[in-house]
Amino acid sequence: MLPALLAVLFQSGLAAPQAGFLRADDGRLYPLYGMQGTFLLGAALDPDVIAAARFGSLLVEKTGLELRIIEEGRHYSAETKGHASFAWDSATRTLYVWLAEERRLLRFANGAFSYSPLRAPDGEIAAISARKGQLRWLVRQAGGPRETFDSEGNLWTASDFEVSCGGRRWSFDHPVHSVDALGEGWALLRTRTGRYAARCNGEDVFEIPSPETP
Amino acid sequence: MMRSLCLLLWFVSSGWAQLELFSVSGLDERPLSGLLNLGSTATGEPLDILIRVRNSGAVAATLSALTVSGAGYRLHQDPPIPFVLPPRFSVDFYVRYVSEQPVADARGGLRINTITVTLLAAAVASPNVFLLEDDGTRLRKMSGQPIVFISVERDAQSRRRLLIENPHAPALTVGSISVSGDAFRLEPAAAPLTLASRQTQTIEIVFQPATSGPKSGVLNMDRLRFPLEGAGREPALPRPRIVLPPEVTLSGKQARIAVGFDSVARGDGAGTLRVEFQPAIAGPDDPAILFPSTNRRSVAFQVRNGESEALFSSQRDIVVQTGTTAGRLRFVAEMGGFTAEVFAAIAAARVTVDTVSATRGIDILDLTVKGFDNTRSASEVAFTFYDFTGNRIDPGEIRANAADAFRRYFESTTAGGMFALRAVFPAVGSTTPVMEMELEFRNQAGVERTGRIRF
């Protein structure tokens, strides 16, 4: 049966477009707003926030002792230690949180937390990705290329002066130190001279503001 | 030339007044009596001795006579006579000896009231030294008078020519001519130099500072000594000019800007490039107009010797964000006292849609549209959805007046013209067949209609 769309409802209305969170060299996290060609840093998050991500209307923050989630104005929290990495499965509207210190996978869906029975592979988990209920793990390889999943599950690989995602490749004048997920499909690429953002489905690389610059 | 000699202490009593005589060198006073040997000097060079007369008595004393006799001797900076000296006061003057001819034993006399002092001096044959100006004039330089060079850029040269003349009848040999000071050199190095009577010889001193700043040296010519003075300066920086790419006139761009020079730089330096923004509309500033590398609206650049473009941390251009607000950008480059500016007008444009993302629920379609409106005047939004066969989904075009929502948002946002619009569509039945959509935005610049966007 074909649907009939009844009306447009500006639920949550208008907001500055978020592109993720940027970690500065001093370890603090800054919200990054913008889109291709225009990026803007917000004010730094509280220093106790060690990881953060936004997936649509869901904001997740991790401190050293707590996981905090804000969704549609409702607040949720769970006591968990250490660093975390996140993945959002838009099909099932489930947030996955990999708790590195506990080596456990936490799920958040429909306003409730639960531990997943899934077991992580051995090694240091660099990133996780979730799509239609399927979870993928990225294990950090000692001496291997720098890799991550972006928020849409694309695998990014940085090796020396090149970064690749899917069939795309980008070359830089300086070695790429790191590649990290931002949000909204953006990946953050760092070289000695700057920070850049790119999307797997876009050709252009954009320079993004650097918070440390005096 | 000043010498201090101590030969005679002379007391002159006049009532209760008592005059004491001293020769003075710096802070050193030496009592003076009978014979004063001034020493020797070069011909033509004055030889000065400072004499001090002090009234050590209890009443005022009057200097009623102050004279000097003998060829080549004279008083210099002497007080008017008669001259009253209050008790414990003193008065200074010079006895000067100068001779254009060599003299081995020049005698003279100094008389102060009733006191007489025999003066003794000598003049040694020496050349006359003249500074030759470019217009041909000659300026005699006495020993001790500085020779000043015009300031030049670092590594550049300025020169001064000197004429050395033997004014005497017999031949004259200048045993040593030398220049000290790293920035100075003599051309040619011509010592010993023998000059026949009335013969002249030109020498040249080159001033070539390797660094900027004041420089000093000395020209020594036997007993003659001429201070050398000059200043080196950094080469003037060229005039900057800002090179803008065409995309700098469009919103939502990262444009690469270069700063070129009107000539090759001949030295190192630094400058600043900044961007200013005058919005074409009322409302908050657009903070996204900045140089990402500094997260500010200014960036420093370097000027390197031999380069014709500025360097931004080794790059020949710098990225600037044009932001998402219509208006006028003013770029200003400042370096070396020069200022260059260039303007870029960003015209009002229709709404730009960057991304559209959708989440399908059983009975709801949750849509997020990201884009920017550089006029901040978006008013009407229209959505049209299509199924997998390309047919429009009922009720067809869904039009909404979002003017108030946009106005409120743009009045308070700190993101310029950027926005993320969330629209939720309740649906009858599954939204799975919804495959494509078209969007239409209306603002002051016109109507922007996207093509079909596939989810």
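Described in the following lines is the structure provided in the data block. (Residues numbered from 1 in each chain as written. Chains lettered and ligands numbered in written order. Predicted model: local features only at pLDDT ≥ 70, side-chain atom pairs only at ≥ 80, totals over all residues. Heavy atoms only, no water.)

1. Details of the overall build of chain B
Stated formally: Helix and strand assignments follow DSSP, with helices taken as H or I runs no shorter than four residues and strands as E runs no shorter than two, numbered in order from the N terminus. Restricting the calculation to C-alpha atoms gives the radius of gyration, and the globule rule supplies 2.2 Å times the number of residues raised to the power 0.38. Should any heavy atoms of two residues lie within 4.5 Å, those residues are considered in contact. Note on areas: Shrake-Rupley, 1.4 Å probe, and residue coverage restricted to the protein chains presented here. His is not counted here, nor are the chain ends, while Lys and Arg score as positive and Asp and Glu score as negative. Charge placement uses NZ in Lys and CZ in Arg. For Asp and Glu, CG and CD serve respectively.
Looking only at helices and strands, one finds one helix and 39 strands in chain B. Relative to the globule expectation of 23 Å for 455 residues, the C-alpha radius of gyration of chain B, 44 Å, shows a markedly less compact shape. The contacts of chain B with a sequence gap of at least 6 include a subset with a gap of at least 24, amounting to 67%. Accessible surface, chain B as shown: approximately 20,300 Å² in total, 50% of it carbon and sulfur. Taken together, the 47 basic and 46 acidic charged side chains of chain B have centroids lying 4 Å from each other.

2. Considering the environment of Thr-322 of chain B
Residue and element names in this part refer to chain B. What counts here: Counted as a polar contact is a pair of N or O atoms within 3.5 Å, where, for protein atoms, one must be capable of donating a hydrogen and the other of accepting one, and residues adjacent in sequence contribute only when both atoms are in side chains.
Checked against the element boundaries, Thr-322 lands in the loop between β29 (318–321) and β30 (327–335). Separated by 94 residues in the primary sequence, Thr-322 and Leu-228 have C-alpha atoms spaced 56 Å apart. The contact partners of Thr-322, leaving out residues within four places of it in the chain, are Glu-247, Val-248, Leu-250, Ser-251, Gly-252, Lys-253, Ile-289, Leu-329 and Ile-346. From its side chain, Thr-322 meets the backbone oxygen of Leu-250 in a polar contact 2.7 Å long.

3. So, the sheet that holds strand β22 (residues 200–207) of chain B
Residues and elements named next belong to chain B. Where we set the bar: Note on pairing: DSSP must find at least two bridges between two strands before they are called paired. Note on geometry: axes are lines fitted to C-alpha atoms, helical ones only across the stretch in contact, with angles between N-to-C directions running from 0 to 180 degrees.
Pairing is antiparallel in the open sheet, where five strands are placed in the order β14-β13-β17-β22-β20. Single-partner strands in this sheet number two, and they are β14 (138–140) and β20 (184–187). Looking at each pair of strands side by side, their axes are set apart by 30 degrees on average, direction ignored. As paired strands, strand β13 (residues 128–132) and strand β17 (residues 158–165) are joined by five bridges and run antiparallel to one another. By the bridge assignment, Leu-131 is partnered in β17 with Leu-162.

4. Here's the deal with helix α1 (residues 403–412) of chain B
This is how it is decided: Buried, partly exposed and exposed residues are distinguished by accessible area as a fraction of the type maximum, computed with a 1.4 Å probe on protein chains only: under 20%, between the cut-offs, and over 50%, respectively. The directions considered for the arc run from the helix axis to the C-beta atoms.
For α1 of chain B, the full list of buried residues reads Phe-406, Tyr-409 and Phe-410 of chain B. Seen end-on, α1 of chain B carries its buried residues on one side only, within an arc spanning 95 degrees. Exposed residues on α1 of chain B whose side chains face more than 90 degrees from its buried face are Arg-408, Glu-411 and Ser-412 of chain B. At its buried positions, α1 of chain B is contacted by β2 (14–15) of chain A together with β34 (380–386), β36 (418–428) and β37 (436–443) of chain B.

5. A closer look at the side chain of Asp-354 of chain B
Inspection of the secondary structure assignment puts Asp-354 of chain B in strand β32 (residues 352–360). Overall, Asp-354 of chain B belongs to the buried group, its relative accessible area being 16%. Those residues in contact with Asp-354 of chain B, other than ones at most four positions away along the chain, are Met-35, Gln-36 and Arg-199 of chain A together with Lys-370 and Gly-371 of chain B.

6. Looking at the sheet that holds strand β7 (residues 58–63) of chain A
Residues and elements named next belong to chain A. The strand order β6-β7-β8-β9 describes an open sheet built from four strands, whose pairing is antiparallel. Every other strand in the sheet has two partners, leaving β6 (49–55) and β9 (74–79) as the edge strands with one partner each. In this sheet, adjacent strand axes meet at a mean angle of 15 degrees when their direction is disregarded. Bridging between β7 and strand β8 (residues 66–71) involves five bridges; their strand directions are antiparallel. In the sheet register, Val-60 faces β8, and the bridge partner there is Ile-69.

7. Structural notes on the pairing of strand β5 (residues 38–41) of chain A
Residues and elements named next belong to chain A. Taking every second residue as pointing to the same face, both faces of β5 are buried, with Thr-38 and Leu-40 on one and Phe-39 and Leu-41 on the other. Pairing geometry for strand β4 (residues 29–35) and β5, over four bridges, is antiparallel. Paired with Tyr-33 across the bridge in β5 is Leu-40. Joining the antiparallel neighbours β4 and β5 is a turn of two residues, in which Gly-37 adopts a positive phi near 90 degrees.

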